Amino acid sequence: MSEAFYYVQANLACFVIIGLLLFKINQGIDRQTSTIVLRSLIIVLMSYFFTDSMWVLLEFGIIPRSEEIMYFSTIVPYILIVCSSYFWYVYCEMIQKNSLVMTSKGRLLVAIPVLIAIIMIISAVFSGVVFYFDDQNRIQYGPLYGILVCIPVVYMLIAAGKAFYRAFNEDKYYDHELYLVIGIFPLLPLVTGVLQTVFIYVPILCYGATISVLLVYLTAMENLISMDSLTQVNNRNQMQRYLLKKMHTQTPGLSLYLMIVDVDHFKEINDRYGHIEGDKALIRVATAMKEACQAHRNRFFVSRFGGDEFIVIAEAEYKGEINWLSEKIRANVKMLNEKAGAPYNLSVCVGIAEFDYSAPVPIPSLIARADTDLYHMKHNRT
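All figures in this text were calculated on a predicted structure; none of them were measured in a lab.

Novice: Sorry, what's going on with the pattern of salt bridges here?
Specialist: Taken as a whole, this structure holds 7 salt bridges when the rule is applied. When the shortest N-O distance is used, the salt bridge between Arg284 and Glu277 registers 3.3 Å. Accessibility assignment for this pair places Arg284 and Glu277 in one class, buried. One salt bridge connects Glu327 with Arg330, and the closest N-O pair in it is separated by 2.2 Å. Placement of both Glu327 and Arg330 in helix α12 (residues 319-340) is noted, with a separation of 3 residues, approximately one turn of the helix. A residue is classified by how much of its surface remains accessible, and Glu327, at 46% relative accessible area, is partly exposed.

Novice: Would you take a moment to explain the pairing of strand β3 (residues 255-263) for this structure?
Specialist: It is a general feature of regular strands that their side chains alternate between the two faces of the sheet. Most of β3 is tucked away: 8 of the 9 residues are buried. As defined by bridge partners, β3 adjoins strand β5 (residues 309-316) across 8 bridges and the pair is classed as antiparallel. Note that in β5 the partner of Asp262 across the bridge is Glu309. Pairing of β3 with strand β6 (residues 348-355), which is carried by 8 bridges, proceeds in the antiparallel orientation. Looking across to β6, one finds that Val263 is bridged to Val348.

Novice: Just checking my understanding: could you explain the packing of helix α3 (residues 67-95) against helix α6 (residues 145-168) for this structure?
Specialist: When two helices pack together, their arrangement is given by the angle between the helix axes and the distance between those axes. With their axes 10 Å apart at the nearest point, α3 and α6 run at an angle of 15° to one another. In terms of orientation, α3 and α6 fall into the roughly parallel class. The two elements α3 and α6 meet at a crossing, and its hand is left-handed. For the pair α3 and α6, the contacting residues are Tyr78, Ile81, Val82, Ser85, Tyr86, Trp88, Tyr89, Cys92 and Glu93 in the first and Tyr145, Leu148, Ile151, Pro152, Tyr155, Met156, Ile158, Ala159, Lys162 and Arg166 in the second. Considered class by class, the residues forming the contact of α3 with α6 number 15 nonpolar, 1 polar and 3 charged.

The rules we used
- Residues numbered from 1 in each chain as written.
- Predicted model: local features only at pLDDT ≥ 70, side-chain atom pairs only at ≥ 80, totals over all residues.
- Heavy atoms only, no water.
- Salt bridge = Lys/Arg side-chain N within 4 Å of Asp/Glu carboxyl O.
- Buried < 20%, exposed > 50% of the residue type's maximum accessible area, 1.4 Å probe, protein only.
- Helix = DSSP H or I, 4+ residues; strand = E, 2+ residues; numbered from the N terminus.
- Pairing = 2+ DSSP bridges.
- Axes fitted to C-alpha atoms, helices over the stretch in contact; angles between N-to-C directions.
- Parallel < 35°, antiparallel > 145°, perpendicular 65-115°, else oblique.
- Left-handed = near helix turned anticlockwise from the far one by under 90°.
- Contact = heavy atoms within 4.5 Å.
- Nonpolar A, V, L, I, M, F, W, Y, C, P; charged D, E, K, R; others polar.

Here it is, written out as structure tokens:
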């Protein structure tokens, strides 16, 4: 009896915690598809916590048993587990900007295993190929039970594996910490779910799922706070924290550089074509910078400094690599602008300053040096 009480108490606590998170999400103004998917995931998990509590009350005889109730209390949690793994996968992929799950057709395609699993679960009432109940109303597993278990497990493993791969793939420009958390996000409930099957009357899965949801939500919010909302690169505060860290710890064999990227004649673009077109120009510049920095994700840090100015913190073996990066950014800006068919020329100037570890200067002084170099470049081009 006490085991059932503590089991229900754990589910209730997790129900309340993620319920508060759901309330906060509903109160917000964010209506992105990823937020809607996260909300759906939380609702499914809350439903699972409730039905899981009903199951344990049936197991301990607190609620009278019957064949109909036993099937219902088993079928619904299984369906909720499969659906939650699907939402976990879709949310992870949306954060990682997977174009497949960004469309309704793509999400429906990814949901095919879920639909198959639901059909298998419901058919158990008639066929018993997945599970059935014996004369004592105890669950027995059928020949296809392993397939049912594999479907949510595969969803979780694929989501975790792709996130970890992207986090450590140097050919991609991604935020390392965010993608590590995304990798852990589906892994934690998967591990606790396995433990739950071993210690069946110990409420492990509810804690794992709740911690995972809180972890990814807080990390996503932290990432959102550190990003420039328009250009989706790091903002000024994040740049200062990153630069301060690099100025105090030198990477062996590499020099530290600060690059200021300034958009040429940006005021004229705004005045003649409007602020919406000006925003598009800034997004193209940010995209050009990110693409130029893809080859060395761990050594180049892209951020928006303010207005039409961006800053790249770069580590390189020699100055020539920084000069190459500067030319690459300018070439990318021109190429993306021509590809967009913009009715104006878009170009940038780049100022470069090297940080001297033997004679360190504060961040404003280093930025001022790069700004001076930027001024000379603009002057030489006129």
